[in-house]
Amino acid sequence: MSEPENPENPESKGAGTAGPQPEPIRFFGTTWVDHDNGYGLRRAGAAIGSLAAAVAACFVLRFAYEGLQLSNTGSFVNVLVVVMFAICSALAFRKTWDAFSTRPADPEADRSLQGLKAIGFIGSLLAYFFRTFTEAPGEALHRKEYETARAQYARRRGNPSTKPTKSTKKKPKRK
């Protein structure tokens, strides 16, 4: 999951310690754990970059649409292409947005939607853009999984702070 500890690389912080290690997020590494080492700048850069990529993609699609108009394919084909990109973008936005907070229940079905997400790539870019306003995309999911793994590791290691106290143990009912 993590690279070997390197004192010159701030993202490898804690990589040599025992226990579960945080999973790096694209463009953020493991800075999402403590929100350090330029985390805010990375979020701003990711937002600007994804918005710029979405705008550039819209220009490319506009040129493609103008090419369809020049070829005189008819209004039905032009409308069909616009509707197809709009629907695929909306579905890609929704699937990308959901992927930031939950793992897919059926990875095989998720893999089968890759073509749809490729066609609606503008929706995916916009989902990434909007998510960077609240967190690094996928941070909540990674944080929840990381904290769960740390708690399980602490219980296995016998950390007394994670064991139930006598007052919280259920007492057997007497008959």
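Structure: see above.
Described below are features of the structure shown in this document. Just so we're clear, the structure is a prediction, and the values are computed from it rather than from any experiment.

Parameters at a glance
- Residues numbered from 1 in each chain as written.
- Predicted model: local features only at pLDDT ≥ 70, side-chain atom pairs only at ≥ 80, totals over all residues.
- Heavy atoms only, no water.
- Helix = DSSP H or I, 4+ residues; strand = E, 2+ residues; numbered from the N terminus.
- Buried < 20%, exposed > 50% of the residue type's maximum accessible area, 1.4 Å probe, protein only.
- Areas by Shrake-Rupley, 256 points an atom, 1.4 Å probe, with all protein chains shown as cover.
- Core = buried A, V, L, I, M, F, W, Y, C linked by side-chain atoms within 4.5 Å.
- Contact = heavy atoms within 4.5 Å.
- Patch = residues over 30% accessible without salt bridge, like charges linked within 9 Å, V, L, I, M, F, W, Y side chains within 5 Å.
- Salt bridge = Lys/Arg side-chain N within 4 Å of Asp/Glu carboxyl O.
- Axes fitted to C-alpha atoms, helices over the stretch in contact; angles between N-to-C directions.
- Parallel < 35°, antiparallel > 145°, perpendicular 65-115°, else oblique.
- Left-handed = near helix turned anticlockwise from the far one by under 90°.
- Nonpolar A, V, L, I, M, F, W, Y, C, P; charged D, E, K, R; others polar.
- Expected span 1.5 Å × (residues − 1).
- Phe/Tyr/Trp six-rings, centres within 6.5 Å; stacked < 30°, edge-to-face > 60°.
- Lys NZ or Arg CZ within 6 Å of the ring centre and 35° of its normal.

## Focus: the overall build of the protein chain
Line of reasoning, step 1. Check the secondary structure of the protein chain and you find six helices and zero strands.
Line of reasoning, step 2. In the protein chain, the succession of helices and strands from N to C terminus is α-α-α-α-α-α.
Line of reasoning, step 3. The buried share among the 175 residues of the protein chain stands at 23%.
Line of reasoning, step 4. Here the protein chain has roughly 12,100 Å² of accessible surface; of this, 61% comes from carbon and sulfur atoms.

## Details of the nonpolar core
Line of reasoning, step 1. Counting residues in hydrophobic clusters, the biggest one holds 10 residues: I25, F28, W32, Y39, A46, F100, A127, Y128, A136 and Y146.
Line of reasoning, step 2. For A46, the contacting residues outside a window of four places in its chain are F28, Y128 and T132.

## As for unusual backbone geometry
Line of reasoning, step 1. Its identity is not glycine, yet N37 carries a phi of approximately 55 degrees, on the positive side.
Line of reasoning, step 2. In this structure N37 comes out as partly exposed when scored by relative accessible area, which is 38%.
Line of reasoning, step 3. Although it is not a glycine, N72 adopts a positive phi angle of roughly 55 degrees.
Line of reasoning, step 4. Along the polypeptide, N72 turns up in the loop between α1 (39–70) and α2 (75–99).

## Structural notes on a nonpolar patch on the surface
Line of reasoning, step 1. Residues L51, V55, F59 and F63 make up a contiguous nonpolar surface patch of about 370 Å² in total accessible area.
Line of reasoning, step 2. Residue placement: L51 occurs in helix α1.

## Comments concerning the packing of α1 against α2
Line of reasoning, step 1. The interhelical angle for the contact between α1 and α2, taken along N-to-C directions, is 160 degrees, at an axis separation of 10 Å. Overall, the two elements α1 and α2 adopt an arrangement that is roughly antiparallel. Regarding α1 and α2, the two cross each other, and that crossing is right-handed. From α1, L61, Y65, L68 and Q69 reach across to α2, where they touch V77, N78, V81, V82 and F85.
Line of reasoning, step 2. Here the contact of α1 with α2 is composed, by residue class, of seven nonpolar, two polar and no charged.

## What about helix α6 (residues 139–157)?
Line of reasoning, step 1. In a regular helix each residue adds 1.5 Å, so 19 residues correspond to 27 Å; α6 covers 26 Å between its end C-alpha atoms and thus fits that length.
Line of reasoning, step 2. The complete set of buried residues in α6 reads E139, L141, H142, Y146 and A154.
Line of reasoning, step 3. For α6, the secondary structure elements touched by its buried residues are α1 and α2.
Line of reasoning, step 4. Positive backbone phi, at 85 degrees, marks G158, one or two positions downstream of α6.

## With respect to the packing of aromatic side chains
Line of reasoning, step 1. One pass over the full model with this rule turns up eight aromatic pairs.
Line of reasoning, step 2. Measuring from centroid to centroid gives 6.2 Å for W32 and Y146, while their planes differ by 85 degrees, and the two rings are edge-to-face. Of the two residues, W32 sits in the segment before α1 while Y146 sits in helix α6, which places them 114 residues apart along the sequence. No difference in accessibility class separates W32 from Y146, as the two residues are buried.
Line of reasoning, step 3. Each member of the aromatic cluster is reached from another via a ring pair, and the members are F93, W97, F129, F130 and F133.
Line of reasoning, step 4. Over the ring of W97 we find R131; its NZ or CZ atom is 4.8 Å from the centre of that ring.

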